[in-house]
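Spelled out, the chains give:
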Amino acid sequence: MQALLNDIMQEVQPLIGQGQVATYIPALAKVNPNQFGIAVCDTSGKVTTAGDATTEFSIQSISKVFNLVLAVTYYGESLWQRVGCEPSGLPFNSLVQLEYENGIPRNPFINAGALAIADMNQSRLIAPHVAMRDLVRKLSGNEGLLANPDVANSEFEHRARNAAMAYLMKAYGNFHNDVEEVLHNYFYNCALEMSCVDLARASQFLANRGHCTITKEPVLTHDQTRQVNALLATSGLYDEAGSFAFKVGLPGKSGVGGGIIAVVPGRFSLCVWSPALNRMGNSQAGVAALESLTRRINWSVY
Ligand SMILES: NC(=O)CC[C@H](N)C(=O)O
């Protein structure tokens with residue numbers, strides 16, 4: 001595994017720093033794009049790394065996975081009455097589909113879907129972002145994880161588009177709590193800072209039929225794990241989900257901080273990170289690294 005990760009890193013070296021760091025969140029625009037890390041956590045909990053695998057970064061939309069975990073463990077199947085399970089084929093922050101489809105977001109991994117899920121968490125938790133922080137601390141075994149308040153506040157100041165989605169859902173009766181309060185929690189979730197090692201460990205249950213080797217506890221049922229992995233495979237990379245399935249063939253979730261988690265069911269979870277993004281808002285070197293990985297291990301879910 002170590003040799004594999006070293007080879008992947010060498011292969012993608014020319015791509016590191018190519019693309020653009022996310023600038024629509026001012027606090028993220030300052031990140032040095034010339035960084036790259038990768039960490040793999042196998043189903044026994046063993047971690048292998050290469051590059052900047054212990055450097056923390058803003059997890060951004062990868063938080064949508066843990067947001068969903070928090071909600072689905074409580075609401076179960078009824079959750080799917082408020083959020084769909086179809087790919088959107090549109091950018092993560094698109095508003096158009098939401099009106100056509102009467103305020104029901106296509107899936108939990110576009111912003112509108114994650115906001116509806118955050119609204120569900122708000123209905124039952126006093127401080128959803130604290131519950132989320134505690135969940136990722138537990139799953140990764142890193143008690144020191146924190147959200148970066150500067151990132152959360154800068155997102156809150158530039159919240160207009162996310163607020164528009166939430167208010168549109170409210171107009172359709174698919175948003176029950178105070179919009180500003182839910183956005184505050186949503187942005188704190190996105191602003192969590194974790195390393196590739198933390199994220200590979202925290203998502204390991206997805207490779208292990210819902211069971212976390214670190215806590216030795218079930219996180220999701222087998223069925224829920226299958227559903228989440230299916231959604232990650234069809235919708236985890238926004239409007240690049242199709243070509244990601246075509247080129248990589250793994251369930252995955254990206255974030256505009258440049259991180260991508262991916263799952264090789266039954267074998268391992270991994271996280272790759274490099275901050276410069278392609279046009280779809282996914283890490284350029286990260287997608288290339290995952291493509292190299294599945295080619296080298298000659299394995300994908302398809
Ligand atoms: N794609 C992303 O990572 C987007 C997350 C970001 N916090 C937003 O809401 O716009």
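These numbers were taken from a predicted model, which means no experiment stands behind them.

The next thing to look at is the site of the ligand. Taken together, Gln 60, Ser 61, Phe 92, Asn 93, Asn 111, Glu 155, Asn 162, Cys 190, Gly 255, Val 256 and Gly 281 make up the full set of residues near the ligand. Tallied by class, residues from the shell around the ligand come to three nonpolar, seven polar and one charged.

The next thing to look at is helix H12 (residues 284-297). End to end, H12 covers 20 Å across 14 residues, agreeing with the expected 20 Å (1.5 Å per residue, within 8%). Along H12, the residues that are buried comprise Gln 284, Ala 285, Gly 286, Val 287, Ala 288, Ala 289, Leu 290 and Leu 293. Where H12 is buried, its residues meet helix H1 (2-12), strand E1 (37-42), helix H11 (241-247), strand E8 (252-254), strand E9 (259-264) and strand E10 (268-273). After H12 finishes, the residue Asn 298 shows a positive phi value of roughly 55°.

With that settled, consider the environment of Thr 55. Tracing the backbone through its elements, the reader meets Thr 55 in the loop between strand E2 (47-51) and strand E3 (57-58). On the basis of neighbour counts, which here come to 15 C-beta atoms within 10 Å, the residue Thr 55 falls in the partly exposed class. Separated by 124 residues in the primary sequence, Thr 55 and Val 179 have C-alpha atoms spaced 33 Å apart.

Attention shifts here to the sheet that holds strand E5 (residues 192-194). Strand order across the open sheet formed by three strands is E3-E5-E4, with antiparallel pairing between neighbours. Pairing within the sheet leaves two strands with one partner each, and these edge strands are E3 and strand E4 (146-147). Note that E4 and E5 share two bridges and pair antiparallel. Bridged to Leu 146 within E5 is Glu 193. Lying over the sheet, helix H5 (residues 128-140) contacts E4 and E5, oriented at roughly 10° with respect to E5.

A few words on the sheet that holds E8. Here we have five strands laid out as an open sheet, ordered E2-E1-E10-E9-E8, and antiparallel in their pairing. In this open sheet, the two strands that pair with only one neighbour each are E2 and E8. Averaged over all neighbouring strand pairs, the angle between strand axes comes to 10°, with direction disregarded. Judged from the six bridges that link them, E1 and E10 form a sheet pairing that is antiparallel. The residue bridging Cys 41 from the neighbouring strand is Ser 269, located in E10.

Orientation of helix H2 (residues 63-75) relative to helix H4 (residues 111-124), taken along the N-to-C sense of each, is 50°, at an axis distance of 9 Å. As summarised for this structure, H2 and H4 are arranged oblique, according to the angle between their axes. Seen from above, H2 lies across H4 with left-handed handedness. Counted together, Lys 64, Asn 67, Leu 68, Leu 70, Ala 71, Tyr 74 and Tyr 75 of H2 and Ala 114, Ile 117, Ala 118, Met 120, Asn 121 and Arg 124 of H4 form the full contact between these two elements. Tallied by class, the residues present in the contact of H2 with H4 amount to nine nonpolar, two polar and two charged.

Let's shift gears to the packing of helix H7 (residues 160-171) against helix H8 (residues 179-190). Angle between the axes and distance between the axes: these two values describe a pair of packed helices. Where H7 meets H8, the axes come as close as 10 Å, and the angle between the chain directions of the two elements is 135°. Regarding the angle of H7 to H8, the classification is oblique. As H7 packs across H8, the resulting crossing turns out to be right-handed. Residues Asn 162, Ala 163, Ala 166, Tyr 167 and Lys 170 of H7 touch H8, and the partners they reach there are Val 179, Val 182 and Leu 183. When its residues are assigned to classes, the contact of H7 with H8 shows six nonpolar, one polar and one charged.

A separate point is the nonpolar core. Judged by nonpolar contacts, the single largest core of 97 residues is most densely connected at Ile 38, Ala 39 and Cys 196. When near neighbours in sequence (up to four residues on either side) are disregarded, Cys 196 contacts Gly 37, Ile 38, Ala 39, Thr 49, Ala 53, Cys 271, Val 272 and Trp 273.

Turning our eyes to something else, we now look at the pairing of E9. Side-chain positions along a regular strand alternate between the two faces of the sheet. Most of E9 sits inside the fold, with six of its six residues counted as buried. Burial of the side chains of E9 extends over both faces: Gly 259, Ile 261 and Val 263 are buried on one face and Ile 260, Ala 262 and Val 264 on the other. Sheet analysis places E8 next to E9, joined by three bridges and oriented antiparallel. If you follow Lys 253 over to E9, its bridge partner there is Ile 261. Taking the residues that link successive antiparallel strands as the turn, the E8-E9 hairpin has four residues, and the phi of Gly 258 there is positive, at about 100°. Two elements, E9 and E10, share six bridges in a ladder whose sense is antiparallel. Bridge pairing links Val 263 to Ser 269 in E10.

Taking 1.5 Å of rise per residue, the 14 residues of H4 would be expected to cover 20 Å, and the 20 Å separating its terminal C-alpha atoms lies within 8% of that figure. Of all 14 residues making up H4, twelve are buried, and the element is well covered by its neighbours. Buried within H4 we find Asn 111, Ala 112, Gly 113, Ala 114, Leu 115, Ala 116, Ile 117, Ala 118, Asp 119, Met 120, Asn 121 and Gln 122. Looking at the buried residues of H4, the elements they touch are H2, helix H3 (96-100), H5, H7 and H8.

The rules we used
- Residues numbered from 1 in each chain as written.
- Predicted model: local features only at pLDDT ≥ 70, side-chain atom pairs only at ≥ 80, totals over all residues.
- Near = placed C-beta within 6 Å.
- Nonpolar A, V, L, I, M, F, W, Y, C, P; charged D, E, K, R; others polar.
- Helix = DSSP H or I, 4+ residues; strand = E, 2+ residues; numbered from the N terminus.
- Expected span 1.5 Å × (residues − 1).
- Buried ≥ 20, exposed ≤ 12 C-beta atoms within 10 Å, placed from the backbone.
- Contact = placed C-beta atoms within 7 Å.
- Pairing = 2+ DSSP bridges.
- Axes fitted to C-alpha atoms, helices over the stretch in contact; angles between N-to-C directions.
- Parallel < 35°, antiparallel > 145°, perpendicular 65-115°, else oblique.
- Left-handed = near helix turned anticlockwise from the far one by under 90°.
- Core = buried A, V, L, I, M, F, W, Y, C linked by C-beta atoms within 7 Å.

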